[in-house]
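Chain and residue survey
Below are the chains, spelled out letter by letter.
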Amino acid sequence: MNYETVILGAGAAGLMCAAHAGPGVLVVDHARAPGEKIRISGGGRCNFTNLHTGPDNFLSANPHFAKSALTRYTQWDFIDLVNRHGIAWHEKTLGQLFCDGSAKQIVAMLVAELDRAGGTLWLQTSLRDLAARESGFDLTLEREGVRHAVHCRNLVLATGGKSIPKMGATGLAYDIATRFGLRVTETRPALVPLTFPEGRFAGLAGVSCPARLSNDRASFDEALLFTHRGLSGPAILQLSSYWREGEEIAVNLFPDLDLPTHLREQRRREGRRRIATILARYLPARLVQHLGTTLPLAERLADQSDARLAQLAAALTDWRLTPSGSEGYRTAEVTLGGIDTAALSSRTLQAHAVPGLYAIGEAVDVTGWLGGYNFQWAWASGHAAGTAI
Ligand code: FDA
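Definitions and cut-offs
Residues numbered from 1 in each chain as written. Predicted model: local features only at pLDDT ≥ 70, side-chain atom pairs only at ≥ 80, totals over all residues. Heavy atoms only, no water. Helix = DSSP H or I, 4+ residues; strand = E, 2+ residues; numbered from the N terminus. Buried < 20%, exposed > 50% of the residue type's maximum accessible area, 1.4 Å probe, protein only. Contact = heavy atoms within 4.5 Å. Areas by Shrake-Rupley, 256 points an atom, 1.4 Å probe, with all protein chains shown as cover. Lys, Arg positive; Asp, Glu negative; His and termini not counted. Charge placed at Lys NZ, Arg CZ, Asp CG, Glu CD. UniProt positions renumbered as here; feature names shortened; annotations may be inferred. Pairing = 2+ DSSP bridges. Axes fitted to C-alpha atoms, helices over the stretch in contact; angles between N-to-C directions. Near = heavy atom within 4 Å. Polar contact = N/O pair within 3.5 Å; in protein donor to acceptor, adjacent residues only side chain to side chain.

Turning our eyes to something else, we now look at the overall build of the chain. Each helix and strand counted, the chain has twelve helices and 21 strands in total. For the C-alpha atoms alone, the extent of the chain along its principal axes is close to 85 × 40 × 35 Å. Expressed as a percentage of the 389 residues in the chain, the buried residues total 55%. Counted over contacts in the chain with a minimum sequence separation of 6, partners at least 24 positions apart contribute 70%. Just so you have it, the chain exposes about 16900 Å², and 49% of that area is on carbon and sulfur atoms. The average position of the 39 basic charges and that of the 37 acidic charges among the side chains of the chain differ by 5 Å.

See the structure below:
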């Protein structure tokens, strides 16, 4: 069987690529359904893009690499597509766009676009063999127990990263890239909850509050969530992409308040009150109780010197914590790192050294922040390769 192009992976990037690559495209996936990560994304509503998408929202060894694809297929282009398909959406927060209805609408839209372009989709199909030829690639695909020899001119690696192996994530794109001599940078789980020794936040599971989470590399103002295992919530997921084992993180529980000044002011106005009473106006009661096990929160404000109030404010705005690890690929939303961008054209996503070989989406060393950025990279890189083919 001859195809112009075979795309390995019917996820966000692969389907988008197929929609733009025209007829003669075969999309192959080992899953039972296409776009499974899209289906479960955003709590079932798919945070499909972000109004504020720009190159600064991505991590990569080459921070300039994503610019070309992102500017040639923008968040507005994807919003246009969603509108053309009559899918209702809303902005939730921080520019994050979600479907009003269901993430399944986005999957259905992409499959409709693939059909419109004349592409073919083979599900429950595995790659058994692959060889490069002068004229392209020879593949052996196994579908429902039957082996098919397929020849194609272009081969697109769109099998994503390693996160959530239970959903069928594999390192296939990395393996193929390596076989063809393309370097793969170190990969690690990202957008992932951070863990602490058992019992560290016992009693706080389920408590959430706004906070600023920082380290030397990045800082995010979003919700912080305490869990049985440690810390989660958008602020932690964001910072996890910038965190390495053994490093501290700093938690500011009062990112929008000049706390030392505020505490001195309250001491003047209501000095007879206990510190805990003041803090409970801003923080969940269970968190104040927990903080009281190490800080003198039962004392009256009037009994505190300026220096002690400053010390207390520092403890609450620069709370240093050292996670013991992360929850790993089991729950990570994405994989940091991947196929080295130095091996690829930023315009077409084609490998410099292997004509006809392309890599797109999460398989590439481009990782977005939480908030719709990873899908926007999948759409943009899929479009860049699809239009180049
Ligand atoms: P993707 O993972 O989508 O697709 C890869 C495809 O390849 C899959 O269909 C898989 O079955 C197939 N495949 C893998 N190995 C194979 C093999 N060996 N043989 C054949 N096929 C194989 N992002 C965002 O922007 N907004 C959001 O709301 C969310 N929410 C979210 C929730 C959860 C729970 C997760 C895990 C992730 C998100 N993400 C997200 C991240 C987003 O889902 C992710 O970045 C994109 O799906 C990446 O698109 P790709 O097409 O590169 O990979």
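Taken from the UniProt record, the annotation "domain: RsdA/BaiN/AoA(So)-like Rossmann fold-like" (unreviewed entry) applies to residues 4–387. As annotated, residues 4–387 comprises 29% helix and 24% strand, and the C-alpha atoms at either end are separated by 13 Å.

Turning our eyes to something else, we now look at the sheet that holds strand β5 (residues 89–91). Strands belonging to one sheet form pairs held by backbone hydrogen bonds; the direction of such a pair is parallel or antiparallel. Taken together, the three strands give an open sheet; going across it, the order is β3-β6-β5, and neighbouring strands pair in antiparallel fashion. Since the sheet does not close on itself, it has two edges, and those belong to β3 (47–50) and β5, each with one partner. In this sheet, adjacent strand axes meet at a mean angle of 30° when their direction is disregarded. Here β5 runs beside strand β6 (residues 96–99); their pairing, made up of three bridges, is antiparallel. What sits directly across from W89, in β6, is C99.

This next bit is on the site of the ligand. The local shell around the ligand holds 29 residues, among which A13, D29, T170, E362 and F375 are the closest. Residue F375 places a main-chain N or O atom 2.8 Å away from an oxygen atom belonging to the ligand. For the shell around the ligand, the elements supplying multiple residues, two or more each, are α1 (12–21), α2 (36–40) and α12 (373–388). The biggest single contributor to the shell around the ligand is α12, with four residues.

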